[in-house]
Amino acid sequence: MTNHEAVSEGIDPSTPSVARMYDYYLGGKDNFAADRDAADQFIQVLPGIREMVRENRAFLSRAVELVAREGVDQFLDIGSGLPTRENVHEVAHRVAPEARVVYVDIDPIVLSHGRALLEDNPYTSVVQADMREPELLLAHPEVEGVIDFTRPVAVLLTAMLHFVPEEAVVDRILTAIRERLVPGSHVIVTHAFAGEVSAEVREAGQRPYRLTSVGGLTSRGPERLAELMEGLEILEPGIVPVHAWRPDPPGDGEDVVIDLTEPDILGLVGRR
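It should be emphasised that the depicted structure is a prediction, and the values quoted were computed from it without experimental measurement.

Before going further, it helps to spend a moment on the pairing of strand β5 (residues 186-193). Of all eight residues that make up β5, eight are buried, and the element is covered over most of its length. Residues His 186, Ile 188, Thr 190 and Ala 192 point to one face of β5 and Val 187, Val 189, His 191 and Phe 193 to the other, with burial holding for every one of them. Pairing analysis gives five bridges linking strand β4 (residues 154-158) to β5, with the strands arranged parallel. Paired with Ala 154 across the strands is His 186, a residue of β5. Once the chain exits β4 it traverses helix α9 (residues 167-180) before rejoining the sheet at β5, and the crossover so formed is right-handed. As paired elements, β5 and strand β8 (residues 264-271) share eight bridges and run antiparallel to each other.

And the structure:
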């Protein structure tokens, strides 16, 4: 993307965006020099981050397919990020061709690209809303115009909650979501986890994200994520690194090593 295109959309290309950094980790081209510089700084601290975000996308695909096969045909992807391969609607439509998907984000570039990509798809919508205001997000006319909360829905929060440092806000987000879910609904979450790295490494990892509008990363482990799923059944294999969650093909799970002392992205699927 060029700086001219960014300016025309009212975007400051000199400020790194977490969505565009994520796009860069995945090998995408929808990013600016500032995004690449900040991402490269983080790669120096955590060289495996590119593989982790690829595993995060693979987890999303497996989780969405599982939920769709259980009969869910409504998906609300909060903090969807820039369109890439294996987006939620692409995975869901392989199982349920008429599944409805609402992508929600606050980043104007995400909204612009998502709407351009999906304008001819009658089963998808792209909505601007802030996950920090979950009640307003869930009551947004464009969300309620597509999602019928009297029927099962899958809500995705993949690689998003670690950008919310305030525990009370994270609690409010999950409480608001759980209160709207009927039996048969699912919540799909992935979250950054620092493991047992030193304070110096944590600080080095925070620096590039302090340059972004979100201001940093917050690590949360399995116990805290389990608390956020109160009232939901956490599906097997529980809260594990995303690469270890029902790997495909299934037999690969026999060789998966789980080491919670190391940084990783944790994943889970909760069902009401």
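Having put the structure on the table, let's press on.
Here we come to the packing of helix α2 (residues 18-25) against helix α4 (residues 49-69). Axis separation between α2 and α4 bottoms out at 9 Å; the angle between their running directions is 100 degrees. Overall, the two elements α2 and α4 adopt an arrangement that is roughly perpendicular. For the pair formed by α2 and α4, the contact residues are Tyr 22, Tyr 24 and Tyr 25 on the first element and Ile 49, Arg 50, Val 53, Arg 54, Asn 56 and Arg 57 on the second. Residue composition of the contact of α2 with α4, by class: five nonpolar, one polar and three charged.

Following the sequence through the fold, His 191 ends up in strand β5. Here the side chain of His 191 touches His 162 through a polar contact of 3.4 Å, landing on its backbone nitrogen. Here the side chain of His 191 touches Arg 220 through a polar contact of 3.0 Å, side chain to side chain. Excluding its chain neighbours within four sequence positions, the residues that come into contact with His 191 are Leu 161, His 162, Thr 218, Ser 219, Arg 220, Leu 225, Asp 264, Ile 265 and Leu 266.

Turning to the environment of Pro 152, a few remarks are in order. Its location among the elements puts Pro 152 in the loop between α8 (141-144) and β4. In sequence terms Pro 152 and Ala 199 are 47 residues apart; their C-alpha atoms lie 42 Å from each other. Residues contacting Pro 152, with those up to four places away along its chain left out, are Val 72, Gln 74, Val 182, Pro 183, Gly 184 and Ser 185.

Each value, and the rule that gives it
- Within every chain, residues take consecutive numbers counted from 1 along the sequence as written.
- Per-residue local features are limited, in this predicted model, to residues with pLDDT of at least 70; the limit for side-chain atom pairs, both in listing and counting, is 80 or more; totals at the level of whole chains, interfaces and linings are taken over all residues.
- No hydrogens and no water enter the side-chain calculation; it runs on all heavy atoms of the structure.
- The buried label goes to any residue with under 20% of its type's maximum accessible area, the exposed label to any with over 50%, and the partly exposed label to all in between, with areas taken from a 1.4 Å probe on protein chains only.
- Under the DSSP-based scheme used, a helix requires at least four consecutive residues in state H or I and a strand at least two consecutive residues in state E, with every element numbered from the N terminus.
- Here, strands pair whenever DSSP counts at least two bridges between them.
- Think of it like this: strands point away, you trace from the first strand over the helix to the second, and a clockwise trace means the crossover is right-handed.
- A fitted line through C-alpha atoms represents every axis, and for helices the fit uses only the stretch in contact; the resulting angles, taken between N-to-C directions, go from 0 to 180 degrees.
- An angle counts as roughly parallel when it lies under 35 degrees, as roughly antiparallel when it exceeds 145, as roughly perpendicular when it falls between 65 and 115, and as oblique in every other case.
- Two residues form a contact once any of their heavy atoms are found within 4.5 Å.
- Residues are grouped as follows: Ala, Val, Leu, Ile, Met, Phe, Trp, Tyr, Cys and Pro are nonpolar; Asp, Glu, Lys and Arg are charged; all remaining types, including Gly, are polar.
- Contacts described as polar in this section are N or O atom pairs within 3.5 Å, which, within protein, must combine one atom able to donate a hydrogen with one able to accept it, while residues neighboring in sequence count only if both atoms come from side chains.

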